[in-house]
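The primary structure of each chain is shown beneath.
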Amino acid sequence: MTVVSPEFAEELKEYGDDTALQCFNCGTCVAICPLVDDSFPRRLIRYVQIGARERILASGRDLWKCLHCGLCSRTCPRQADPGEIILGLKRYVLAAWREE
Ligand code: SF4
Ligand code: SF4
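First, a word on what this report is: a plain description of the structure on this page. Keep in mind that what you see is a predicted model, and the values were worked out from it rather than measured.

What counts, and where the lines are drawn
Residues numbered from 1 in each chain as written. Chains lettered and ligands numbered in written order. Predicted model: local features only at pLDDT ≥ 70, side-chain atom pairs only at ≥ 80, totals over all residues. Heavy atoms only, no water. Near = heavy atom within 4 Å. Helix = DSSP H or I, 4+ residues; strand = E, 2+ residues; numbered from the N terminus. Salt bridge = Lys/Arg side-chain N within 4 Å of Asp/Glu carboxyl O. Nonpolar A, V, L, I, M, F, W, Y, C, P; charged D, E, K, R; others polar. Axes fitted to C-alpha atoms, helices over the stretch in contact; angles between N-to-C directions. Parallel < 35°, antiparallel > 145°, perpendicular 65-115°, else oblique. Left-handed = near helix turned anticlockwise from the far one by under 90°. Contact = heavy atoms within 4.5 Å. Expected span 1.5 Å × (residues − 1). Buried < 20%, exposed > 50% of the residue type's maximum accessible area, 1.4 Å probe, protein only. Phe/Tyr/Trp six-rings, centres within 6.5 Å; stacked < 30°, edge-to-face > 60°. Lys NZ or Arg CZ within 6 Å of the ring centre and 35° of its normal.

Here the focus is the site of ligand 1. In the neighbourhood of ligand 1, 13 residues make up the surrounding shell, with Cys23, Cys26, Gly27, Cys29 and Cys76 lying closest. Within the residue set of the shell around ligand 1, elements represented by two or more residues are α2 (28–32) and α3 (42–50).

Right under this line is the structure:
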């Protein structure tokens, strides 16, 4: 069962992500992302917003598919900077994996 934690986005600031709550889930980043995935990176950002840390950890390897091309960050209408959110999630996931 996925445990939802609304405080998770606050916790992620420690890893460099402080923009996830600006996302309003428009899907522009999904449309522009060159990865063949119909939900990346928006799905991960939504997980941050609802605090679904177990799902983020389960999807952790997907984060390394990101090319850091910057297209999503340049086109996001809310300046949510999805590319930076992915970087912050990588730091979070690495720290969590080290503790396992
Ligand atoms: S483009 Fe920006 S606001 Fe739209 S879903 Fe992606 S991160 Fe959220
Ligand atoms: S930075 Fe990553 S998530 Fe954003 S468009 Fe490029 S590959 Fe996709």
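Any two side chains of opposite charge can pair, on the condition that their charged atoms come close. Tallied over the full model, the rule gives five salt bridges. Between Arg53 and Glu11 there is a salt bridge, with its nearest N and O atoms 3.0 Å apart. In this pair, Arg53 is assigned in helix α4 (residues 53–58) and Glu11 in helix α1 (residues 8–12), connecting sequence segments 42 residues apart. With a closest N to O distance of 3.5 Å, Arg43 and Asp62 form a salt bridge. Of this pair, Arg43 sits in helix α3 while Asp62 sits in the loop between α4 and α5 (71–75); the two residues are 19 residues apart in sequence, bridging distant segments of the chain. Connected through salt bridges with shared partners, the residues Asp37, Arg43, Asp62 and Lys65 form a single ionic network.

Turning to the site of ligand 2, a few remarks are in order. If you check the shell around ligand 2, you find Cys33, Pro34, Phe40, Pro41, Cys66, Leu67, His68, Cys69, Gly70 and Cys72 and nothing else. A class-by-class count of the residues in the shell around ligand 2 yields eight nonpolar, two polar and no charged.

Another point: the packing of α3 against helix α6 (residues 82–99). Closest axis-to-axis distance for the α3/α6 pair is 10 Å, and the angle between their directions is 65 degrees. The orientation of α3 with respect to α6, classified from their angle, is roughly perpendicular. Classified by chirality, the crossing of α6 by α3 is left-handed. Only Pro82, Ile85, Ile86 and Leu89 of α6 make contact with α3, whose side of the interface consists of Leu44, Ile45 and Val48. Residues belonging to the contact of α3 with α6 are distributed by class as follows: seven nonpolar, no polar and no charged.

Attention shifts here to α6. The α-helix winds at 3.6 residues per turn, so residues separated by three or four positions along the chain end up facing the same way. The end-to-end C-alpha distance of α6 is 26 Å, a good match for the 26 Å that 18 residues give at a rise of 1.5 Å each. Buried residues of α6: Pro82, Gly83, Ile85, Ile86, Gly88, Leu89, Lys90, Tyr92, Val93, Ala95 and Ala96, and no others. Each element contacted by the buried residues of α6 is listed here: α1, α2, α3, α4 and α5.

This part covers the packing of aromatic side chains. This model, assessed by the stated rule, comprises three aromatic pairs. Ring centres of Phe8 and Tyr92 lie 5.1 Å apart, and the angle between their planes is 75 degrees; this geometry places the pair in the edge-to-face category. Linking Phe8 in helix α1 with Tyr92 in helix α6, this pair joins segments that are 84 residues apart in sequence. With respect to burial, Phe8 and Tyr92 carry one shared label: buried. Consider the rings of Trp64 and Trp97, whose centres lie 5.9 Å apart with planes at 20 degrees: the pair is stacked. One end of the pair, Trp64, is in the loop between α4 and α5; the other, Trp97, is in helix α6, with 33 residues separating them in the sequence. By relative accessible area, which is 39% here, Trp64 ends up partly exposed. Within the aromatic cluster, the residues linked to one another by ring pairs are Phe8, Tyr15 and Tyr92. If you follow Arg61 out to its NZ or CZ, it ends over the ring of Trp97, 5.6 Å from the centre. Seen from the ring of Phe24, Arg78 lies directly overhead, with NZ or CZ sitting 4.8 Å from the centre.

On their own, these measurements won't tell you what the molecule is for.
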